[in-house]
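Notes for the structure review
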Amino acid sequence: MRILFNRYCLSVLIALGVISSAGAADVYEEAWERVQNGALLVDVRTPAEYSEGHLTGAINIPFQDIVEGLAQKRVSLNENIVLYCRSGNRSGKAQKALESVGYQSALNAGGYEQLLERQPQP
C-alpha cells in the first residue's frame, strides 16, 4: 500500500511539474553514489519506524532532532549527508533545518522504500 501511495505522490508531483521524472531518478542515483563515497546516511523517521526496517549503515535521528543530533555526533558542516524518511517530507524538513544552520551537503533522498528499490546491486 505504501509503495502505491508513494508512486501516486511521485506521479502527481511529476504531472504538476514540481519535479521531472528524470529528476526523481537522479536523486536516488545521486543518493546511492554519495553513500558509496562515504556519505553519512541518516534515517529521520521515528525510532519505531527505524526498528521496523532501515537501510544498511543508516543511523536514526528523528527529523525534529536532526540539528542537535548531528551536533552531538560532531558532524562537520561540510559532511556529505544523505537523509531519508517514509516519503521525503520529513527528510525535506530535516534538509532545510540543516541548511539553515550551515550544513552545505545535505541531500533529501526521499522515501525509504524507493531508495531500497533502487539500491545498487553488488
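Residues numbered from 1 in each chain as written. Predicted model: local features only at pLDDT ≥ 70, side-chain atom pairs only at ≥ 80, totals over all residues. Heavy atoms only, no water.

1. Observations concerning the side chain of Arg 90
The residue Arg 90 is located in helix α5 (residues 89-100) in this model. Its relative accessible area of 17% is what places Arg 90 among the buried residues. For Arg 90, the contacting residues outside a window of four places in its chain are Val 44, Arg 45, Thr 46, Glu 49, Phe 63 and Cys 85. (Helix = DSSP H or I, 4+ residues; strand = E, 2+ residues; numbered from the N terminus. Buried < 20%, exposed > 50% of the residue type's maximum accessible area, 1.4 Å probe, protein only. Contact = heavy atoms within 4.5 Å.)

2. Brief notes about α5
With twelve residues, α5 extends 17 Å between its outermost C-alpha atoms, agreeing within 8% with the 16 Å of an ideal straight helix rising 1.5 Å per residue. Looking at α5, one finds that the buried residues are Arg 90, Ser 91, Gly 92, Ala 94, Gln 95 and Leu 98. Buried positions along α5 lie against α3 (47-52), α4 (66-72), β3 (81-85) and β4 (106-111). Among the residues trailing α5, Gly 102 stands out with phi positive, at a value near 110 degrees. (Expected span 1.5 Å × (residues − 1).)

3. Notes on the environment of Glu 117
Position of Glu 117 relative to the elements: it lies in helix α6 (residues 112-117). We classify Glu 117 as partly exposed; its relative accessible area is 39%. A sequence separation of 89 residues divides Glu 117 from Tyr 28, and the C-alpha atoms of the two residues are 9.6 Å apart.

4. Some thoughts on the side chain of Glu 49
Mapped onto the elements of the fold, Glu 49 is located in helix α3. Take Glu 49: its relative accessible area is 19%, and that puts it in the buried class. Polar side-chain contacts of Glu 49 include one of 2.9 Å to the backbone nitrogen of Thr 46. Once residues within four sequence positions are removed from consideration, Glu 49 is found in contact with Arg 86 and Arg 90. (Polar contact = N/O pair within 3.5 Å; in protein donor to acceptor, adjacent residues only side chain to side chain.)

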